[in-house]
Amino acid sequence: MEQYILALDQGTSSSRAIVFDRRGEIHAVAQREFRQIFPQPGWVEHDPDDIWSSEASVIAEAITSVGINGKNIAAIGITNQRETTLVWDADTGRPVYNAIVWQDRRTSEYCDRLRAEGYAESIHARTGLIVDAYFSATKIKWILDNVEGARERAEAGRLRFGTVDTWLVWQLTRGERHVTDVSNASRTMLLDIETLDWNDELLAMFDIPRSMMPEVCSSSEVYGHTKTTIFAHEVPIAGIAGDQQAALFGQMCVEPGMMKNTYGTGCFLLMNCGERPVMSKNNLLTTVAWKIAGRTAYALEGSIFVGGSVVQWLRDGLGIIRSSSDVEKLARSVEDNGGVYFVPALTGMGAPWWDQYARGTITGLSRGTTAAHIARAALEGIAFQTMDIVDAMMRDSGLELKSLKVDGGASRNDLLMQFQSDILRSEVVRTHVTETTALGAAYLAGLAVGYWRDMEEIRGHWRGAGSFTPSMSADQAGRLRDAWHDAVRRTLSGASR
């Protein structure tokens with residue numbers, strides 16, 4: 001009987017189920033969007049039942065479309081939006097509040113207080129993270145402090161916390177398993193990055209009972225078996241990783257110094273740092289990449305707030321292109337940026353600058369500047385931001401960039417990828433399979449059940465879909481880098497606080 005791996009990719013705006021075969025090829029994809037809830041400015045929530053019902057429906061659709069059932073599925077792998085926080089009743093399984101999404105900023109003032117009171121350094125030393133409303137800890141505290149009766153029920157051992165992976169496993173096993181993996185746990189601001197266990201001092205700081213916390217497992221093991229009626233037969237759930245770590249694994253960045261960048265609305269850049277955590281001195285995050293067969297891989301992570309969304313702004317804000325796909329043709333109509341630099345800090349500056357007050361700037365405008373120059377500068381701004389994070393990662397880790405593997409929508413833009421290679425002075429490799437996040441989850445699950453023999457077999461399946469090597473002189477690249485950093489300094493100095 002032909003066997004497959006089912007990957008569940010539970011994202012911020014939609015749930016997907018993807019069926020992979022032994023070659024890592026896709027046999028079925030099902031996707032369903034779900035409701036976004038915005039109770040107040042800066043607040044973002046999901047209904048936990050929407051998350052589960054949408055995922056359950058795409059599971060059924062995907063396996064039905066290829067005519068398979070539980071007997072044909074060797075294992076299930078899960079990858080998910082990270083940091084999103086759910087709290088539910090241990091007995092009934094009912095959520096006590098909506099899921100608070102990673103984008104939610106309601107706890108920003110509390111994070112400001114923590115920094116002002118001097119807790120940032122100790123939290124960073126334990127977790128590898130900066131103090132920010134992005135992570136789960138302050139979201140859990142908010143639920144316990146603001147939902148009537150929640151704290152009393154939590155202290156009585158009646159409530160459970162989970163990120164989205166934990167919620168899905170709970171649903172798939174009908175409450176038998178309350179688990180997470182190290183990659184997701186490392187995004188809560190509650191996990192000790194060295195011991196890979198919940199830190200009691202941090203739990204006490206945020207006033208979170210340890211009884212709420214899931215068991216921390218590796219990223220590739222059998223956590224339990226499905227009990228839901230979606231499958232006629234029990235299927236092992238055997239792989240879990242947060243979305244960006246799963247993409248790193250799906251890109252087979254399994255050696256220290258290997259990096260991937262996902263070019264989406266924003267950009268997420270991760271570097272494999274090996275088996276010891278590297279604590280950043282350049283405003284990057286230290287995170288667990290995965291744990292497999294007792295061996296833990298760590299990563300450095302940098303986020304770019306505005307990546308592909310700058311192209312959307314060219315379309316919707318300036319109106320200089322009719323569709324996002326037009327940007328490359330427009331940018332190619334000029335030989336260079338004409339001295340124009342676009343720092344796209346439309347929602348602040350991410351790593352390595354971390355200035356939430358910064359706003360976008362376009363420098364170097366002249367009477368000769370055209371829409372094409374601005375379009376080219378916008379694309380180059382994505383590449384320059386990536387370059388800054390790569391430079392910070394190399395300074396932190398002492399590792400040299402071997403190659404940059406790329407995925408996401410904007411990675412299909414040849415002009416951007418060539419410029420990225422030119423400015424990094426490194427090879428840029430575009431992947432053959434665009435669904436690298438789901439593929440990473442599938443690989444982790446398949447390894448746990450012997451569907452794939454070992455990492456070498458998986459690496460044999462990985463294929464690129466074109467590569468880019470530097471064609472620009474080192475001197476010219478250096479001049480462009482210097483001019484970009486001058487534009488960044490002007491942007492940061494002009495930020496109002």
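A short tour of the structure in this document, coming up. (Residues numbered from 1 in each chain as written. Predicted model: local features only at pLDDT ≥ 70, side-chain atom pairs only at ≥ 80, totals over all residues. Heavy atoms only, no water.)

1. Looking at the overall build of the protein
And then number 1: A count of helical and extended segments in the protein gives 16 helices and 21 strands.
And then number 2: Relative to its length of 497 residues, the protein is compact, with a C-alpha radius of gyration of 22 Å against a globular reference of 23 Å.
And then number 3: On the principal axes, the C-alpha backbone points of the protein span a range of 70 × 55 × 40 Å.
And then number 4: Computing the positive centroid from 50 side-chain charges and the negative centroid from 62, the protein places the two 2 Å apart. (Helix = DSSP H or I, 4+ residues; strand = E, 2+ residues; numbered from the N terminus. Rg over C-alpha atoms; globule rule 2.2 N^0.38 Å. Lys, Arg positive; Asp, Glu negative; His and termini not counted. Charge placed at Lys NZ, Arg CZ, Asp CG, Glu CD.)

2. Quick word on unusual backbone geometry
And then number 1: At arginine 174, a residue that is not glycine, the phi angle is positive and equals roughly 55°.
And then number 2: Mapped onto the elements, arginine 174 comes out in the loop between helix H6 (164–172) and strand S9 (179–181).
And then number 3: The backbone of alanine 293 shows a phi angle near 50°, a positive value even though the residue is not glycine.
And then number 4: By the secondary structure assignment, alanine 293 is in the loop between strand S15 (285–292) and strand S16 (295–304).
And then number 5: Judged by its relative accessible area of 73%, alanine 293 falls in the exposed class. (Buried < 20%, exposed > 50% of the residue type's maximum accessible area, 1.4 Å probe, protein only.)

3. Regarding the pairing of strand S20 (residues 428–431)
And then number 1: Across the two faces of S20 the burial is the same, with Val428 and Arg430 and Val429 and Thr431 all buried.
And then number 2: Relative to S20, strand S19 (residues 404–407) is paired through three bridges, and the arrangement is parallel. Paired with lysine 405 across the bridge in S20 is valine 429.
And then number 3: Between the parallel pair S19 and S20, the chain is carried across by helix H13 (residues 414–424), and the sense of this crossover is right-handed. (Pairing = 2+ DSSP bridges. Right-handed = clockwise from strand over helix to strand, strands pointing away.)

4. Brief notes about the nonpolar core
And then number 1: The biggest cluster of nonpolar side chains holds 56 residues, and the ones touching the most others in it are Tyr263, Leu314, Phe384, Met393, Leu404 and Ile423.
And then number 2: Looking at which element gives the most residues to this core, the answer is helix H12 (residues 371–397), with 13 residues.
And then number 3: Ignoring any residue separated from it by four or fewer positions in sequence, one finds tyrosine 263 in contact with Ile382, Thr386, Leu404, Val406, Asp407, Gly408, Gly409, Ala410, Ser411, Leu416, Met417 and Gln420.
And then number 4: Ranked by size, the runner-up nonpolar core spans 41 residues in total, among them Ile123, Leu129, Phe135 and Leu196. (Core = buried A, V, L, I, M, F, W, Y, C linked by side-chain atoms within 4.5 Å. Contact = heavy atoms within 4.5 Å.)

5. Some thoughts on the side chain of aspartate 407
And then number 1: Examined against the element boundaries, aspartate 407 turns out to sit in strand S19.
And then number 2: Lysine 260 provides the closest opposite charge to the buried, salt-bridge-free aspartate 407, at an N-O distance of 5.2 Å.
And then number 3: There is a polar contact of 3.0 Å between the side chain of aspartate 407 and the side chain of glutamine 251.
And then number 4: In terms of polar contacts, aspartate 407 uses its side chain to reach the side chain of threonine 436, at 3.1 Å.
And then number 5: If we skip the residues at most four places from it in the chain, aspartate 407 touches Gln251, Lys260, Asn261, Thr262, Tyr263, Thr431 and Thr436. (Salt bridge = Lys/Arg side-chain N within 4 Å of Asp/Glu carboxyl O. Polar contact = N/O pair within 3.5 Å; in protein donor to acceptor, adjacent residues only side chain to side chain.)

6. Observations concerning helix H16 (residues 474–493)
And then number 1: Here H16 spans 29 Å end to end across 20 residues, near enough to the 28 Å set by a 1.5 Å rise per residue.
And then number 2: Here H16 has its buried residues at Ala477, Leu480, Trp484, Ala487, Val488 and Thr491. Within H16, the buried residues cover an arc of 105° as seen down the axis, which keeps them to one side. Among the exposed residues of H16, those pointing more than 90 degrees away from its buried face are Asp475, Arg479, Asp482, Arg489, Arg490 and Ser493. (Expected span 1.5 Å × (residues − 1). Arc of directions from axis to C-beta.)

7. Structural notes on the packing of aromatic side chains
And then number 1: This model, assessed by the stated rule, comprises 15 aromatic pairs.
And then number 2: Here the aromatic rings of tyrosine 110 and phenylalanine 206 are separated by 6.3 Å at their centres, their planes lie at 70°, and the arrangement is edge-to-face. Residue tyrosine 110 is found in helix H2 (residues 108–116), and its partner phenylalanine 206 is found in the loop between helix H8 (200–205) and strand S10 (215–217); the two are separated by 96 residues along the sequence. Just as tyrosine 110 is buried, phenylalanine 206 falls in that class too.
And then number 3: Site record: aromatic cluster; members linked through ring pairs are Phe249, Trp290, Tyr443, Tyr451 and Trp452.
And then number 4: Between the NZ or CZ atom of arginine 106 and the centre of the ring of tryptophan 43, over which it lies, the distance is 3.8 Å. (Phe/Tyr/Trp six-rings, centres within 6.5 Å; stacked < 30°, edge-to-face > 60°. Lys NZ or Arg CZ within 6 Å of the ring centre and 35° of its normal.)

8. Looking at the environment of arginine 210
And then number 1: In this structure, arginine 210 sits in the loop between H8 and S10.
And then number 2: With near-sequence residues (within four places) excluded, arginine 210 lies in contact with Asp197, Trp198, Asp200 and Leu203.
And then number 3: In terms of polar contacts, arginine 210 uses its side chain to reach the side chain of aspartate 197, at 3.0 Å.

9. Here we look at the sheet that holds S16
And then number 1: Judged by pairing direction, the sheet is mixed, and its seven strands sit side by side in the order S15-S16-S14-S13-S19-S20-S21 without closing on themselves. Every interior strand has two partners, whereas the edge strands, S15 and strand S21 (464–468), have only one. Recorded for the sheet is a direction-independent mean angle of 25° between the axes of neighbouring strands.
And then number 2: Relative to S16, S15 runs antiparallel, the two sharing seven bridges. Bridged to isoleucine 292 within S16 is arginine 295.
And then number 3: On top of the sheet, helix H9 (residues 243–250) reaches strand S13 (259–263), strand S14 (267–274), S15 and S16; it is set at about 60° to S15, its chief contact. (Axes fitted to C-alpha atoms, helices over the stretch in contact; angles between N-to-C directions.)

10. So, the pattern of salt bridges
And then number 1: One pass over the full model with this rule turns up 37 salt bridges.
And then number 2: Between arginine 82 and glutamate 83 there is a salt bridge, with its nearest N and O atoms 3.9 Å apart.
And then number 3: Residue classification places glutamate 83 among the buried positions, given a relative accessible area of 1%.
And then number 4: Among the ionic pairs, arginine 332 bridges to glutamate 328, the shortest N-O distance being 3.1 Å. With arginine 332 and glutamate 328 both in helix H11 (residues 327–332) and four residues apart, the pair spans about one turn of that helix.

11. A closer look at helix H1 (residues 48–65)
And then number 1: Its 18 residues give H1 an end-to-end C-alpha distance of 26 Å, which sits within 8% of 26 Å, the value for a rise of 1.5 Å per residue.
And then number 2: One side-chain oxygen at the N-terminal end of H1 lies 2.8 Å from the backbone nitrogen of aspartate 49; it belongs to aspartate 47.
And then number 3: Glycine 67 sits one or two positions beyond H1 and adopts a positive phi of about 70°.

12. A word on the sheet that holds strand S11 (residues 220–225)
And then number 1: Reading across the sheet, the six strands line up as S3-S2-S1-S5-S12-S11 and stay open at both edges, with mixed pairing between neighbours. On the outer flanks of this sheet lie strand S3 (26–33) and S11, each paired with one strand and no other. The sheet shows a mean angle of 25° between the axes of neighbouring strands, direction not considered.
And then number 2: One ladder, built from seven bridges, connects strand S2 (residues 14–20) with S3; its direction is antiparallel. From the neighbouring strand, isoleucine 18 faces S3, where its bridge partner is valine 29.
And then number 3: Where H6 meets the sheet, it contacts strand S1 (4–10), strand S5 (73–80), S11 and strand S12 (236–242), and its direction lies at approximately 145° from that of S5.
And then number 4: Contacting S1, S2, S5, S11 and S12, helix H14 (residues 436–449) crosses the sheet at an angle of about 135° to S5.

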